[in-house]
Amino acid sequence: MQLSREALLRAYRQMKIIREFEERLHVEIQTGEIAGFTHLYCGQEAVAVGVCEHLSVEDKIVSTHRGHGHCLAKGCDVNGMMAEIWGSREGLCKGKGGSMHIADVDQGMLGANGIVGAGSPIGVGAALAAKLDGKGSVAITFSGDGACNQGTTFEAMNLAVVTKAPCIFLFENNHYSEHTGFEYAVGTQRDIASRAEAFGMKVWRGDGTDFFSVHDTMREVLDYVRAGNGPAAVEFDTERFFGHFEGDPQRYRGPGELDRIREMRDCLKIFRANVTGAKLLTDADLDAVDKDALEAIENAVVAARAAARPTPADVLADVYIAY
Ligand SMILES: Cc1ncc(C[n+]2csc(CCOP(=O)(O)OP(=O)(O)O)c2C)c(N)n1
Ligand SMILES: [Mg+2]
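Description of the structure in this document. (Residues numbered from 1 in each chain as written. Chains lettered and ligands numbered in written order. Predicted model: local features only at pLDDT ≥ 70, side-chain atom pairs only at ≥ 80, totals over all residues. Heavy atoms only, no water.)

**Side note on the overall build of the protein**
Looking only at helices and strands, one finds 12 helices and 7 strands in the protein. Taken over the C-alpha trace, the protein has a radius of gyration of 19 Å; the compact-globule value for 323 residues is 20 Å, and the two agree within 12%. A principal-axis box enclosing the C-alpha atoms of the protein has dimensions of 55 × 50 × 40 Å. Sequence separation of at least 24 residues holds for 71% of the intrachain contacts in the protein that already meet a minimum separation of 6. Here the protein has roughly 14200 Å² of accessible surface; of this, 54% comes from carbon and sulfur atoms. (Helix = DSSP H or I, 4+ residues; strand = E, 2+ residues; numbered from the N terminus. Rg over C-alpha atoms; globule rule 2.2 N^0.38 Å. Contact = heavy atoms within 4.5 Å. Areas by Shrake-Rupley, 256 points an atom, 1.4 Å probe, with all protein chains shown as cover.)

Okay, here's the thing in structure tokens:
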């Protein structure tokens, strides 16, 4: 299905915002101003955006330790995200979550997660709630190629099948689990989707470096799950441009690998080539979005840097719900 000019510009802007957010964090983290561990999503933007452009706030997503892109794509505020990572009181979680524990329930973003594989059971719970609501909304759990080996993921997939939960198990195969290649660590012949299929659900596969492949694939997956057929799984082949965490020297990469993926497998370059080649948008249209996204990120950094930090008196607030 052909997307409107407005939808194409929006998708590109979302991807570009994530890219600039991550590229800027990569620089800012080296100043020492940002505390905590950070895993950058740069390179995988087409997956988060190709998925979330189909969703409403009623649909829930559950993210991972590499969650900034999922949050931004699902509608979390850029300034609130940046302030959260800076540890500010004005952050989305008042500066208490930081990079790996950002959540925004109002946007249907149920949380990033420091525990690999912990998101899948949460997603099944959200999907069961959606099933009870009966309004056709879904839950999507993002997982990596590493998380596909976790027992929690297996249990969640089985539970979703037997309860016919409208849950989508979405695997972003970026070829590494920390420093371990998926060729070594995933026993099913490099194939994650077939593993999900063995649990009794329908599966799809797509090219995670191509926004259109993700978006088209997700239209089919979502139609299937929203129609009440139970869960589904989808595997997208993608690339991460930075280390596993910020500071990772990446000695496990092959010679020239990073240059090659930045050159050949960059979802932003691929999007630009596709839409300009098909004369849907011009380079000038996209350059204007680039400029706008850069400004938005610059403003977010200035605001985050100036924002107040939590005080000692804030420490025990928001820990427990008050009834
Ligand atoms: C239960 C658990 N085991 C190990 C870790 C340490 N750890 C953090 S991220 C990660 C790799 C995850 O790989 P993958 O699922 O492919 O996600 P990616 O980092 O590629 O996005 C590991 C082993 C953890 N956080 N939780
Ligand atoms: Mg991985």
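**Observations regarding the coordination of the magnesium ion (ligand 2)**
Only Asp145 (OD), Asn174 (OD1) and Tyr176 (O) from the protein reach the magnesium ion (ligand 2) as donors, at distances of 2.1 Å. Read N to C, the donor residues that coordinate the magnesium ion (ligand 2) are spaced as D-x28-N-x1-Y. One end of the pair, Asp145, is in the loop between strand 2 (139–144) and helix 6 (151–163); the other, Tyr176, is in strand 4 (residues 176–177), with 31 residues separating them in the sequence. Take Tyr176: its relative accessible area is 14%, and that puts it in the buried class. (Donors = N, O, S within 2.8 Å, 3.2 Å for Na, K, Ca; no water. Buried < 20%, exposed > 50% of the residue type's maximum accessible area, 1.4 Å probe, protein only.)

**Here we look at helix 2 (residues 45–52)**
Residues three or four positions apart in an α-helix share a direction because the helix packs 3.6 residues into each turn. By the criterion of burial, helix 2 is predominantly enclosed, with 8 of the 8 residues buried. Within helix 2 the residues assigned to the buried category are Glu45, Ala46, Val47, Ala48, Val49, Gly50, Val51 and Cys52.

**Points about the pairing of strand 2**
The buried count for strand 2 comes to 5 of 6 residues, which makes it a mostly enclosed element. Pairing between strand 1 (residues 60–62) and strand 2: 3 bridges, direction parallel. Looking at strand 2, one finds that Val62 is bridged to Thr141. With 6 bridges connecting them, strand 2 and strand 3 (residues 167–173) associate as parallel partners. Each bridged residue has a counterpart across the sheet, and for Phe142 the counterpart in strand 3 is Leu170. Since strand 2 and strand 3 lie parallel, the crossover through helix 6 that links them has a hand, and here it is right-handed. (Pairing = 2+ DSSP bridges. Right-handed = clockwise from strand over helix to strand, strands pointing away.)

**Some words on the site of ligand 1**
The immediate surroundings of ligand 1 are formed by 15 residues, with His65, Arg66, Gly114, Gly146 and Asn174 found nearest. Between ligand 1 and Ala147 there is a distance of 2.8 Å, counted from an oxygen atom to a backbone nitrogen or oxygen. Between ligand 1 and Glu178, the relevant distance is 3.2 Å, taken from a nitrogen atom to a side-chain nitrogen or oxygen of the residue. Across the complex, the protein chains shield 74% of the 580 Å² of accessible surface that ligand 1 would expose by itself. (Near = heavy atom within 4 Å. Polar contact = N/O pair within 3.5 Å; in protein donor to acceptor, adjacent residues only side chain to side chain.)

**What about a nonpolar patch on the surface?**
A cluster of nonpolar residues, Val315, Leu316, Val319 and Tyr320, forms a patch on the protein surface that exposes about 510 Å² of accessible area. For Leu316, a relative accessible area of 72% puts it in the exposed group. (Patch = residues over 30% accessible without salt bridge, like charges linked within 9 Å, V, L, I, M, F, W, Y side chains within 5 Å. Salt bridge = Lys/Arg side-chain N within 4 Å of Asp/Glu carboxyl O.)

**Thoughts on the pattern of salt bridges**
A full pass over the atoms with the stated rule returns 27 salt bridges. Taking the shortest distance from any N to any O, the salt bridge between Arg262 and Glu23 comes out at 2.9 Å. Of this pair, Arg262 sits in helix 10 (residues 257–264) while Glu23 is found in helix 1 (residues 5–29), placing the two residues 239 residues apart along the sequence. Under the relative-accessibility criterion, Arg262 is labelled partly exposed at 27%. Between Asp216 and Arg219 there is a salt bridge, and its shortest N-O distance comes to 3.3 Å.

**As for the packing of aromatic side chains**
Tallied over the full model, the rule gives 8 aromatic pairs. A ring pair is formed by Tyr12 and Phe271, whose centres lie 5.5 Å apart and whose planes are at 25 degrees; its orientation type is stacked. Note that Tyr12 is positioned in helix 1 and Phe271 in helix 11 (residues 267–277), a separation of 259 residues in sequence. Look at Tyr12 and you get buried, because its relative accessible area is 2%. Their ring planes at 15 degrees and their centres at 5.1 Å tell us that Phe37 and Phe245 sit as a pair that is stacked. (Phe/Tyr/Trp six-rings, centres within 6.5 Å; stacked < 30°, edge-to-face > 60°.)

**Brief notes about the nonpolar core**
In summary, soluble globular proteins display a tendency toward joint burial of nonpolar side chains. Residues Phe21, Val51, Met82, Ile140, Leu170, Met218 and Phe271 are the most contacted members of the largest nonpolar core, which totals 64 residues. At 9 residues, helix 1 tops the list of elements feeding residues into this core. Excluding residues within four positions of it along the chain, Leu170 makes contact with Val47, Val51, Ile140, Thr141, Phe142, Ser143, Met218, Val234 and Phe236. Counting residues in hydrophobic clusters, the runner-up holds 20 residues, among them Cys167, Val186, Ile192 and Ala196. (Core = buried A, V, L, I, M, F, W, Y, C linked by side-chain atoms within 4.5 Å.)

**Some words on helix 9 (residues 211–226)**
With 16 residues, helix 9 should cover 22 Å at 1.5 Å per step; its first-to-last C-alpha distance of 22 Å lies within 8% of that length. Three or more residues of helix 9 are buried, namely Phe211, Ser213, Val214, His215, Thr217, Met218, Arg219, Val221, Leu222 and Val225. Among the residues trailing helix 9, Gly228 stands out with phi positive, at a value near 90 degrees. (Expected span 1.5 Å × (residues − 1).)

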